[in-house]
Structures are given as structure tokens and as C-alpha cells.
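What follows is each chain in one-letter form.
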Amino acid sequence: MVRFKNRYVLCEVVSEDPRCRQCIEDRAVGLAVRDAVGRVHGDYGLACCSISFTVKYLNAYTGTVLLRCRKDSYRLLCSALPFVRQLESRNQRYPCSLNTLHVGGTIRTCQKFLIQYNRRQLLMLLQNCTNEEERRCIQKSLLSCSLTEEQSRSGDEEDDDGPETD
């Protein structure tokens, strides 16, 4: 039996309207990407990309999208992503674009890249702070990006939930 290799494309939804991110759904992103592939590459490109194409992850709050496609056709998909100009959701059209951040072979590599990318974004925000309250809030967000802090918190929770004997 042959395993089909996939590529995962990590994208960011870029929009001037903040309401756009809150209203998008994975189905709307999938339809917009398929439409763009069809317009750019025709029936051949649409058929190649549609075989294993899915939206694996969508975070409407951060505007992060993870797309999966076959390894053979990921270049067709990536070349069509700049042609996504709007997303249609709930009978409303939101002008936006998709910015490709990373292409990886596994979801795990995309997650690792996303953690580093978010950390760099927070550091840039930290440098552009205007007052001390913003600086403290961003530093707190930056420290919460580490995995060691999460592991130590889960260890503390186990101690607190243990059975109490009198």
C-alpha cells in the first residue's frame, strides 16, 4: 500500500476590516481557495488540487488558516493564494487576502513555525510600545508562549485536584 504525501500550507488572513476575521468559516475559505485555483490554473489545476484539499485548521480570532493538499500540487495551490480577494460568509462578502507564512510536510512543523512566528510578532510589538502597561501586557503574552510553563502549570493542577484525607 502506498502512502500519499501531503503538504500543509500555513496562511494568514489579511484584512482591513476586523469583523472579517470573526465571521469567516472553514467552508468559506475552502470555496474561495478552490475558486482562485480554478481561475488561475483552469480545470487541470482545480482537479489536481481538489484531490486531497481540505482546510485542516482555522482560527478566526488570529486569522490563521492551515490548508492540506497533495505534495504534487502544492505549488499550484500556493501560486493561486494571492488571487483570493474576498471571502463570502453568511451572504456577506469581506475583502481580504491570504498571506502564505510557511509550507511544511507535517502539521507539527507548521505548529512549531507558528509559535516562532507569533513570538517574533510579539517582540516587534514590544519594541513599538508607547507606555509601560502595554509593555507589561505584551511581556506576559510573550512568556505564555513557552511550553515549559504549560507543563509546570499542568503539574500544579494535578497536585491541587488530589484526594484530600482528614
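Above this text sits the structure in question.
Below, the structure is looked at part by part. (Residues numbered from 1 in each chain as written. Predicted model: local features only at pLDDT ≥ 70, side-chain atom pairs only at ≥ 80, totals over all residues. Heavy atoms only, no water.)

## Some words on the overall build of the chain
Each helix and strand counted, the chain has six helices and six strands in total. Listing each helix as α and each strand as β along the chain from the N terminus yields β-α-α-β-β-α-β-β-β-α-α-α. A buried classification covers 30% of the 166 residues belonging to the chain. In the chain, of all internal contacts separated by at least 6 residues, the share reaching a separation of at least 24 is 66%. Put simply, the chain shows about 11500 Å² of open surface, and 49% of that area lies on carbon and sulfur atoms. (Helix = DSSP H or I, 4+ residues; strand = E, 2+ residues; numbered from the N terminus. Buried < 20%, exposed > 50% of the residue type's maximum accessible area, 1.4 Å probe, protein only. Contact = heavy atoms within 4.5 Å. Areas by Shrake-Rupley, 256 points an atom, 1.4 Å probe, with all protein chains shown as cover.)

## Comments concerning the sheet that holds strand β6 (residues 97–104)
Two orientations exist for strands paired in a sheet by backbone hydrogen bonds: parallel and antiparallel. Read across the open sheet, the four strands follow the order β2-β3-β1-β6; overall the sheet is antiparallel. On the outer flanks of this sheet lie β2 (54–59) and β6, each paired with one strand and no other. Put simply, the sheet's adjacent strands are angled 25° from each other on average, direction ignored. Contacting β2, β3 (64–70) and β6, helix α2 (residues 26–50) crosses the sheet at an angle of about 130° to β2. Against the sheet, helix α4 (residues 107–127) engages β1 (6–14), β2, β3 and β6, with an angle of about 120° to β6. (Pairing = 2+ DSSP bridges. Axes fitted to C-alpha atoms, helices over the stretch in contact; angles between N-to-C directions.)

## Observations regarding the nonpolar core
V33, L67, L77 and L87 are the most contacted members of the largest nonpolar core, which totals 26 residues. Among the elements of the structure, β1, α1 (18–23), α2, β3 and α3 (74–80) are those that each provide at least two residues to this core. Element by element, the count of residues in this core is highest for α2, at six residues. With sequence-adjacent residues up to four places away left out, L67 is seen in contact with R7, Y8, V9, C11, V29, V33, F53, T54, V55, L77 and L81. Counting residues in each nonpolar core, the second largest holds seven residues, with L66, C110, L114 and Y117 among its members. (Core = buried A, V, L, I, M, F, W, Y, C linked by side-chain atoms within 4.5 Å.)

## Quick notes on the environment of L125
Structurally, L125 is set in helix α4. Between the C-alpha atoms of L125 and Q139, which are 14 residues apart in sequence, the distance is 9.8 Å.

## Comments concerning the environment of C49
By the secondary structure assignment, C49 is in helix α2. Using a relative accessible area of 4% as the deciding quantity, one classes C49 as buried. Here the alpha-carbon distance between C49 and R70, two residues 21 residues apart in the chain, equals 7.1 Å. Residues in contact with C49, not counting those within four places in the same chain, are V37, S73, L76 and L77.

## Examining α2
The end-to-end C-alpha separation of α2 is 15 Å, well short of the 36 Å expected for 25 residues at 1.5 Å each. Largest kink in α2: about 135°, centred on H41. Close packing links the buried residues of α2 with β2, β3, α3, β4 (86–89) and β6. (Expected span 1.5 Å × (residues − 1). Bend = angle between axes of the 7 residues up to and from the residue.)

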